[in-house]
Structure formats: C-alpha cells, structure tokens
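What the coordinates show
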Amino acid sequence: MAVARVTEIISGSKKSFQDAIENGIERANKTLKQIEGAWVKDQSLILDNGKIKEYRVILKVTFVLDD
C-alpha cells in the first residue's frame, strides 16, 4: 500500500496563471519524487498602480512517499 503526502507551494509568473502553475510544477519536480497530482488551491494578483505585476497560485501537490 502506498502512502502519499500533500504539500503546499506558492508560485508566480509575470505572464499568466497558467505559467505560474507550470513554473510551480516544474520546480516541485526538481525536489519531490513521484508527484501524482496537483490542484490549484487559490489564485491572486500582485498589482502596481492598477496594473498586473505578477500572477500567483497556491498549489497543493501530492506525491508518494518512498518505502
């Protein structure tokens, strides 16, 4: 039987929410092994004088623990 863990990460992008998600997953893959899935918990924007400066997402990433 496999045991999984869920961890929360925050990622950002100057382009889009989609790019922020892809950046977060790409970075998580460098550290975490056996990533099984992820979901977006929250999205937010950082504004500067009413213009979008950064798109941010909070991701919940699920990965299987080694035996």
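Whatever comes next refers back to the structure up there.
Heads up: these notes are all about the structure in this document. (Residues numbered from 1 in each chain as written. Predicted model: local features only at pLDDT ≥ 70, side-chain atom pairs only at ≥ 80, totals over all residues. Heavy atoms only, no water.)

A look at the overall build of the protein chain
Helix and strand counts for the protein chain come out as one helix and three strands. Along the chain direction, N to C, the helices and strands of the protein chain fall in the order β-α-β-β. Relative to the 2.2 N^0.38 estimate, which gives 11 Å for 67 residues, the radius of gyration of the protein chain is 14 Å and therefore markedly larger than a compact globule would have. If you line up the protein chain on its principal axes, its C-alpha atoms span 50 × 20 × 15 Å. Here the protein chain, with 67 residues, has 19% of them falling under the buried criterion. Long-range contacts, defined as pairs at least 24 residues apart, comprise 64% of the intrachain contacts of the protein chain with a sequence gap of at least 6. (Helix = DSSP H or I, 4+ residues; strand = E, 2+ residues; numbered from the N terminus. Rg over C-alpha atoms; globule rule 2.2 N^0.38 Å. Buried < 20%, exposed > 50% of the residue type's maximum accessible area, 1.4 Å probe, protein only. Contact = heavy atoms within 4.5 Å.)

Some remarks on helix H1 (residues 17-31)
Between its first and last C-alpha atoms H1 spans 22 Å; for 15 residues at 1.5 Å apiece the expected length is 21 Å, and the two agree. Of the surrounding elements, those touching the buried residues of H1 are strand E1 (4-13), strand E2 (35-48) and strand E3 (51-64). The backbone nitrogen of glutamine 18 lies 3.5 Å from a side-chain oxygen of the residue at the head of H1, namely serine 16. (Expected span 1.5 Å × (residues − 1). Polar contact = N/O pair within 3.5 Å; in protein donor to acceptor, adjacent residues only side chain to side chain.)

What about a nonpolar patch on the surface?
On the surface, a cluster of nonpolar side chains totalling about 360 Å² of accessible area is made up of Met1, Val3 and Leu65. Relative to the helices and strands, methionine 1 is located in the segment before E1. On the basis of relative accessible area, methionine 1 is assigned to the exposed category, the value being 95%. (Patch = residues over 30% accessible without salt bridge, like charges linked within 9 Å, V, L, I, M, F, W, Y side chains within 5 Å. Areas by Shrake-Rupley, 256 points an atom, 1.4 Å probe, with all protein chains shown as cover. Salt bridge = Lys/Arg side-chain N within 4 Å of Asp/Glu carboxyl O.)

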